[in-house]
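# A structural walkthrough
Here is how the chains run, residue by residue.
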Amino acid sequence: MSILVKKAQRGDTEAFIALMEENKMTLRRVAYGYLQNEEDVADAIQDTILDAFEHMGDLQKAEYFKTWLVRILINNCTRIYRQKQKIVSINGEYDTGVYENSDSDLEFKEMIKGLPEDSRIIFQLYFGEQFTTREISEILHIKENTVKSRIHRGKEQLRIEMQIV
Amino acid sequence: MNQDIFEQDLINILGRNLEESRMIDDKMEEAYARIRQMKGSRKKGGRKGKTRTLKRVMTGISTVAAAVVVAFTFCAVNPALAEKIPFIGDLFTRVQDVFPFGQVPQEEATSLYSGKSLENGGQDAGNASGMEEESPYRQKVGDLTITLTDIYASNQAIFIGVCVENEQEFPKMERFGENGPQILQVETVESYSFRDDKKEGCLRTVEGKFEDSHTFIGIMRIDYSDINVDSRRYEEMVKEAEANNEPLPVVDAEVYDKWFDKYEIPETFGMNLQINTVVGYLAEPIKPEEMGTKSQEELEQMSDEEWEAYMKSLPAEWYAFPNSFENWFEEGSWEYALTVNQSAANVKTIAINEVNEEGIGMESIELSPVEMTLNPIEPADRMIFAVALDKNGEKIDFGSSNADELAISGHDISTVYIYIFDYDEYMDDIKGYFYGKDTGGRSVREILEERALFRTTVNTEQ
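Residues numbered from 1 in each chain as written. Chains lettered and ligands numbered in written order. Predicted model: local features only at pLDDT ≥ 70, side-chain atom pairs only at ≥ 80, totals over all residues.

### Structural notes on the overall build of chain A
Defined as follows: For helices the rule is a DSSP run of H or I covering at least 4 residues; for strands it is a run of E covering at least 2, with both sets numbered from the N terminus onward. To sort residues by burial, count the other C-beta atoms lying within 10 Å of each one's C-beta; a count of 20 or more means buried, 12 or fewer means exposed, and anything in between means partly exposed. C-beta atoms are built from the backbone. Once C-beta atoms have been placed from the backbone, residue pairs whose C-beta atoms lie within 7 Å are recorded as contacts.
Along the backbone of chain A there are nine helices and zero strands. Along its sequence from the N terminus, chain A presents helices and strands in the succession α-α-α-α-α-α-α-α-α. In chain A, which comprises 165 residues, the proportion classed as buried is 50%. Within chain A, contacts between residues at least 6 apart in sequence are counted, and of these 62% link residues at least 24 apart.

### Some thoughts on the pairing of strand β10 (residues 268-281) of chain B
Two faces belong to every sheet, and in a regular strand the side chains alternate between them. Residues and elements named next belong to chain B. Convention followed: Strands pair, by our definition, only if DSSP identifies at least two bridges between them.
Summarising burial for β10: 10 of the 14 residues are buried, a large majority. In this sheet, β10 lies alongside strand β5 (residues 182-192) in antiparallel orientation, the contact comprising nine bridges. Its bridge partner being in β10, glutamate 190 is matched across the sheet by leucine 273.

### Let's talk about the pairing of strand β13 (residues 361-367) of chain B
Residue and element names in this part refer to chain B. Looking at chain direction, strand β12 (residues 348-355) and β13 are connected through six bridges and run antiparallel. Bridging from a neighbouring strand, lysine 348 pairs with leucine 367 of β13. Where β12 hands over to β13, the hairpin turn is made up of five residues, of which glycine 359 adopts a positive phi near 85 degrees. Note that β13 and strand β14 (residues 371-377) share six bridges and pair antiparallel. Following the sheet pairing, leucine 367 is matched in β14 by methionine 372. In this antiparallel pair of consecutive strands, β13 and β14, the connection spans three residues.

### Focus: the interface of chain B and chain A
For clarity, the cut-off: When residues are sorted by character, Ala, Val, Leu, Ile, Met, Phe, Trp, Tyr, Cys and Pro go into the nonpolar class, Asp, Glu, Lys and Arg into the charged class, and all the rest, Gly among them, into the polar class.
At the junction of the two partners, chain B supplies 46 residues and chain A supplies 51 residues. With 10 residues, helix α2 (residues 22-38) of chain B is the single largest residue contributor to the side of chain B that touches chain A. Here the side of chain B that touches chain A is built from residues that sort into 20 nonpolar, seven polar and 19 charged.

### Points about the sheet that holds strand β16 (residues 405-407) of chain B
Either a parallel or an antiparallel arrangement is found when strands of a sheet pair, and the pairing is made through backbone hydrogen bonds. Residue and element names in this part refer to chain B. Stated formally: To obtain an axis, a line is fitted to C-alpha atoms, over the contacting stretch when the element is a helix, and the angle between two such axes runs from 0 to 180 degrees between their N-to-C directions.
What the four strands build is an open sheet, ordered β12-β13-β14-β16; its pairing is antiparallel. Because the sheet does not close on itself, it has two edges, and the strands there are β12 and β16. Across this sheet, the average inter-strand angle for adjacent strands is 20 degrees, counted without regard to direction.

Right, dumping it as structure tokens:
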């Protein structure tokens, strides 16, 4: 990936697009953790691609590319989520949209839904995307200890729900 | 189910590849199409529907015409300014504390203009009249005089000393890090004698410092990898594919090799550098929330829709780059003809050519007095990240946005330890050890030794 980041930072559009394709699954999974609606996920990813392209020159170190990209995605997800909340409060129900589900997607989405809401994104970043607790604290702007305690608490909660001893 | 299996389930399910989604793919393709359209426009502000493009004076200029422009500007230097010309010699030495690559060897550089005399070996000594203000390397347009003071070229990059003097006071500019550099950026059109096209719209960064409220000094680094690639055949192919409604290939290493041509950088070559805009970043930019007449309280109470409407009401200029809310900038045309001679002093390429059973390894390292470039061997299906430690086990950091170009200033590189990791593993975990992550009583070096997919030691004095 480092060669693509380097080329993208130097204005190579195709290298940038290749980078986005390489990170597509991370973008989709993290966005789903927030939005759980295909149309919103698609909008968040589109905005993230455009934002990242616009600010590629601001990325100081190539090795921070992935955390930087996910931070942009989360900003966009938060914005879309807030807008949706307002619509829900007016219309009374949240439209989850139509999301084509394969069996394996279903398992992923069921797992996301089953996670405690305040730990959902932390679980996705930690277990799904393999970020460290320190990186998650930087991405979400919360204390590292909070990340650790939510992972611990969330796991306990899941174990109880899944009746795992 | 024990704890490990439980956590492994979480990793397997939450890290699973999802089925393709037509809706998401279409939205991503839309974004790519917009990005391709933006290509050629400025990175910053490009998406804001910018209405103003940078003025490009004389972009179609020929080499002969360029000489006329140089001569014209040469005569246009303001004699009044000559009386207060600062001494701007030894610029490389004077900015070494803030330049990310540290010391650029002043003794190997060619002096273009020192502010004292042009008769002691300057590139233009033969042409100069002897009057210190009259040099093709010192040009004034409006309030701004831009002087190219020194040039040094290694086997990896060109380093040009730049002094920007402003008859007006510069506003206070942003600093990168507590003791880091201040920068000016220049938008350039460049031509090189070894290629027959012009590189237009380059945004080069000059890293250095403000000496006083009227004077900035810094170094512009131009990496050879930025000027030795010709993408014209690829761009033609893209145009053709788009016209025929054909899908574009994703640019992987194979496609890159097929469609992008590479130039050999000669030991000596000519370079025409035309600066069209000089841009600085204000230390205290005017933020969108400070532009209107609304109070902070009113702004905080805005709904997203009101905020969006407010943003749309902002002046069109805010959506451009550069703009007077965030930047200081001057436009003009400062043009220079340079001869670049690669210095052979302390420059070498050390062939390594080692590879492990997974096809991961090191081809070579390139050394100059300023930097060390790692040339790792990366398999097509695996992303890797290379790290180098100096003789004392200190990590050698990169000096540019290219993570393989390392700034060696202050390091003993007589022996270099190179480690290559899986990219994701490095990003997600290993790099944390360089930033204070608990090593469990072990040294970082031990962890690197254990986790590296490939490791080698290079004696650079061989």
